[in-house]
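Next come the chains, spelled out residue by residue.
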Amino acid sequence: MIKAKRGTKDIFKDEIYSWQWIEDAAKETFQNAGFAEIKTPIFEATELFNRGVGDSTDIINKEMYTFCAPKSDESITLRPENTASVVRAYIEHNMQRMSPPSKFWYFGPMFRYERPQAGRQRQFYQAGVEMFGVKEPLADAEVILCAVDFLDKLGLSNLEVELNSLGCNECKSEYRNSIKEAIRPYLDEMCDDCKVRFEKNPLRILDCKNDECKKVLEKINDVIYKDYICDNCKEHYEKLKSYLDDLNIKYIENKLLVRGLDYYTRTVFEIKSTSLGSQSAVCGGGRYDNLVETLGGMPTPAVGFAMGVERLCALIEKKQAPMLDYYIVSTKPNEAIKLAQKLRKEGKKVEFDLANKKFTKQLEKASKTANCALILDEEEIQGNFYSVKDLKTSEQYRIDNFKELL
RNA sequence: GCGGAUAUCGUCAAGUGGUUAAGACCUCGGAUUGUGGUUCCGAUAUGCGUGGGUUCGAGUCCCACUAUCCGCCCCA
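Residues numbered from 1 in each chain as written. Chains lettered and ligands numbered in written order. Predicted model: local features only at pLDDT ≥ 70, side-chain atom pairs only at ≥ 80, totals over all residues. Heavy atoms only, no water.

S.K.: What am I meant to see in the protein's contact with RNA strand B here?
M.R.: Around RNA strand B, 48 residues are found, and the nearest of them are Arg120, Arg197, Arg204, Arg259 and Ser394. Within the side chain of arginine 112, an N or O atom sits 2.3 Å from a sugar or linking oxygen of RNA strand B. Contact distances for RNA strand B include 2.8 Å between a base nitrogen and a backbone N or O atom of leucine 391. Looking at the surface near RNA strand B, the elements with two or more residues in it are β6 (123-132), β10 (281-287), β11 (302-308), α14 (359-369) and α15 (378-383). Top contributing element to the surface near RNA strand B by residue count: α14, with 7 residues. Partitioning the surface near RNA strand B into residue classes produces 11 nonpolar, 15 polar and 22 charged. (Near = heavy atom within 4 Å. Polar contact = N/O pair within 3.5 Å; in protein donor to acceptor, adjacent residues only side chain to side chain. Helix = DSSP H or I, 4+ residues; strand = E, 2+ residues; numbered from the N terminus. Nonpolar A, V, L, I, M, F, W, Y, C, P; charged D, E, K, R; others polar.)

In structure tokens, the structure reads:
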């Protein structure tokens, strides 16, 4: 017996309707805001993610599905996220020459080799947007608005927007050094993970959940909460907050919000649900003003987010299969299939019996799956009519001359 | 990678070492030969995640493996 691999799953039956509904809502919300869909390949050159996502991240270090393409020694990786791919496409197709902003949305599977858990799969789906070419905080506000609108359309509540600014390259590294120097005397008291983070990515220590580490962080609170971001970054951040205030979008400022991907600069944000377990982040994003240049393009500011579709699916009200307009009840398959063909051409959702079931069984099936039954059997064919039975009200009426209709 | 729990039909489940593995839902068939959603009757696991072991006897006890779930880590 061959089974689906660990951390992957089949999405079908009732679940697929929730899925389709989410994808439809994403398409509508994002396209209404002027984002165009982009479908990038599921695999890319490994180098793209090494450079794009950052080599201090867990994603790069232990979670990528990397392999060699057949008959070559070229290293290929299943995409662990989509931002690097979209940036690659942006550069490759010379979209910098187009009038900014360039706005994209996407929906598709990503792959990370992690231990599966509630709301975490190895093949998981993300819906997200990326916007290129606008350095002003208005773009950050637009992107956050887009995320909030989408979640609102899904009917979700119990959500919290968390917001922080990491600063630009200069103040970010200054901040990093200050944190590093502040922590250095306490390094022995910290967990093994944090000792590694200290060397590779000190800012990640800020959201360590280890109690000992938290105690250390309290000791250096004054360093953490001191404003290290430069005047320009500060102005950017303040302006963003005022836009959000004007939009009446509530947010919580969280100095410890750092995010795991290396490419973020200035604005970072997360949207969390209080109704999920430990995998509570449904949306994460921010600004990445250096990434286009890092990947070989012209310096181009950019901002975006990604949402975890499995987590959204767990939060929304369950959806069901749409009802058929008609189920054709007939033991005359030749006539039934022709009637189905005609009605489907008119855009109706129509099914008929394919399993040679008895009349009553067909009607039973109709009552479960359709709004109306079309009754077309021996008697009707003789009399050149068929009957429409409304299965809610049990009202039944005749359509005459059905042979001419076909 | 680390810690904890679980594994009996498509789904939910009873089962506490002793005949033939309850029950419910779903599905299928019949009562109803052309009128459904209610009702009634019937069918459906030679099988209890996989492989070993203990025992006269194992779904039940032991060991290993695998998978799933929950948490850590990380992230969406």
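S.K.: Got a minute to help me understand the sheet that holds strand β9 (residues 265-273) in this structure?
M.R.: In sheet architecture, strand pairing relies on hydrogen bonds along the backbone and comes in two forms, parallel and antiparallel. In spatial order, the strands read β1-β5-β6-β11-β10-β9-β7-β8; together these 8 strands make up an open sheet with mixed pairing. In the strand order of this sheet, the two ends are held by β1 (36-37) and β8 (252-253), each with one partner. When β6 meets β11, the two strands line up antiparallel, connected through 7 bridges. Across the sheet, the residue bridging to valine 129 is phenylalanine 305, located in β11. Each of β7 (159-165), β8, β9 and β10 touches helix α10 (residues 231-246); the most contacted strand, β7, lies at about 160° to it. (Pairing = 2+ DSSP bridges. Contact = heavy atoms within 4.5 Å. Axes fitted to C-alpha atoms, helices over the stretch in contact; angles between N-to-C directions.)

S.K.: Sorry, what's going on with the pattern of salt bridges here?
M.R.: Opposite charge on two side chains makes pairing possible when the charged atoms of those side chains draw close. Inspection of every chain in the model, using the stated rule, returns 24 salt bridges. With its nearest N and O atoms 3.6 Å apart, the salt bridge here joins lysine 62 to aspartate 58. One end of the pair, lysine 62, and the other, aspartate 58, are both in helix α3 (residues 58-62), 4 residues apart, so they sit about a helical turn from each other. Looking at lysine 62, the relative accessible area reads 56%, which means it is exposed. Exposure remark for aspartate 58: the relative accessible area of 42% places this residue in the partly exposed category. Across the salt bridge formed by glutamate 189 and lysine 219, the nearest N and O atoms sit 3.4 Å from each other. (Salt bridge = Lys/Arg side-chain N within 4 Å of Asp/Glu carboxyl O. Buried < 20%, exposed > 50% of the residue type's maximum accessible area, 1.4 Å probe, protein only.)

S.K.: Help me understand helix α4 (residues 83-92), please; the structure alone is not making it clear to me.
M.R.: Note that an α-helix has 3.6 residues per turn; residues three or four places apart therefore point the same way. Buried residues dominate α4, accounting for 8 of its 10 residues. Among the residues of α4, those classed as buried are Thr83, Ala84, Ser85, Val86, Val87, Ala89, Tyr90 and Ile91. Packed against the buried residues of α4 are β2 (43-45), α2 (46-53), β5 (102-111), β6 and α11 (291-294). One or two steps after α4, the chain reaches asparagine 94, where phi turns positive at roughly 55°.

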